[in-house]
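Overview (structure and organization)
The primary structure of each chain is shown beneath.
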Amino acid sequence: MKLVKPKKNLGQHFLTDLSIARRIADTVDACPDIPILEIGPGMGVLTQYLVEKPREVKAVEIDSESVAFLYEKFPKLRENILGQDFLRMDLNEVFDGRQFVLTGNYPYDISSQIFFKMLEYKDLIPCCTGMIQREVAQRMAAGPGSKTYGILSVLMQAWYNVEYLFTVDENVFNPPPKVKSAVIRMTRNEVTDIGCDQVLFKRVVKTVFNQRRKMLRVSLRQIFNAVKPTDGFYEQDIMTKRPEQLSIAQFVELTNMVEEQLKIIGQ
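Residues numbered from 1 in each chain as written. Predicted model: local features only at pLDDT ≥ 70, side-chain atom pairs only at ≥ 80, totals over all residues. Heavy atoms only, no water.

You'll find the chain entered in an unreviewed UniProt entry as Ribosomal RNA small subunit methyltransferase A, with Prevotella scopos JCM 17725 given as the organism. The chain has a UniProt comment under Catalytic activity (unreviewed entry) that states "adenosine(1518)/adenosine(1519) in 16S rRNA + 4 S-adenosyl-L-methionine = N(6)-dimethyladenosine(1518)/N(6)-dimethyladenosine(1519) in 16S rRNA + 4 S-adenosyl-L-homocysteine + 4 H(+)". UniProt annotates the chain under Subcellular location (unreviewed entry) with the comment "Cytoplasm". (UniProt positions renumbered as here; feature names shortened; annotations may be inferred.)

Okay, here's the thing in structure tokens:
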């Protein structure tokens, strides 16, 4: 069986340490009894432990060479190896509308895009685990007041409880990445209604963190398109804060304040 050569343009770094692969596979046990979708199986180092679990497993892989390898290595899984681009998939179709666990050794250059897509299907994905760049994992798990607290922290933690599980060194990959990796687990919290307009919430969070060193009364001006809000809006106490100081609840409050102003000024 010919091994797959890691492709730089796909951000492939194949995990070679089997003990770590098993530990990652076991993170899905936090959400038992539902199917598993693995992203980017490569040569199946994680897949081999996932298929041992008593539930349905599917794997999505964009690299045609890896797909051919997986067909040969896992012949019984052949129908469940999807040669597609995860970012373009309709996730409702993967398990016919059933909930599933998302896992994988995620490509570092698109991991944030993967998680943003997951948020679009949050009611379908009660649990997400896997390995990503350590810096991204730290951002996702960071709380208010931390230098690493940012857009990804707020948007993920609004809907998921994020756990930083363990760090993985560079020398257990082929080829070794230039950064350390980390394994995380995210499980859906009990929030069903965030308490504000979700689209505007995302817009507010991104807008203020794009100028994270500025106070909110400065960064929020971009949202109003040069139209001045009502008197007193920028004089409220929250407007003297910087985005990393706000909790999820305060971002919800801020979003509702902005929405009210947009309605008043007709935007």
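This part is about the pattern of salt bridges. Overall, the coordinates contain 11 salt bridges when judged by the stated rule. Asp 29 serves as the salt-bridge partner of Lys 53, at 3.1 Å between the closest nitrogen and oxygen. Placement of Lys 53 in the loop between helix 2 (47-50) and strand 3 (57-60) and of Asp 29 in the loop between helix 1 (18-26) and strand 2 (36-39) is noted, with a sequence separation of 24 residues between them. The closest approach of N and O atoms between Lys 180 and Glu 170, which form a salt bridge, is 3.1 Å. Of this pair, Lys 180 sits in the loop between strand 8 (173-174) and strand 9 (181-188) while Glu 170 sits in the loop between strand 7 (160-168) and strand 8; the two residues are 10 residues apart in sequence, bridging distant segments of the chain. The exposure class of Lys 180 is partly exposed, given its relative accessible area of 26%. Residue Glu 170 is classed as partly exposed on the basis of its relative accessible area, which comes to 24%. When salt bridges that share partners are traced, they join Asp 26, Asp 29, Lys 53 and Arg 55 into one network. (Salt bridge = Lys/Arg side-chain N within 4 Å of Asp/Glu carboxyl O. Helix = DSSP H or I, 4+ residues; strand = E, 2+ residues; numbered from the N terminus. Buried < 20%, exposed > 50% of the residue type's maximum accessible area, 1.4 Å probe, protein only.)

Turning to the UniProt feature "binding site: S-adenosyl-L-methionine" (unreviewed entry) in the chain, a few remarks are in order. The sites that carry the UniProt feature "binding site: S-adenosyl-L-methionine" (unreviewed entry) are, in the present numbering, His 13, Leu 15, Gly 40, Glu 61, Asp 85 and Asn 105. Within the secondary structure layout, Gly 40 lies in the loop between strand 2 and helix 2. The partly exposed category is assigned to Gly 40, whose relative accessible area is 24%. In this structure Gly 40 touches Val 60, Glu 61 and Asn 105, once residues within four positions along its chain are discounted. Within the element layout of this structure, Asn 105 appears in the loop between strand 5 (101-104) and helix 4 (111-120). Other than its neighbours up to four places away in sequence, Asn 105 contacts His 13, Leu 15, Ile 39, Gly 40, Leu 46, Met 131 and Phe 173. (Contact = heavy atoms within 4.5 Å.)

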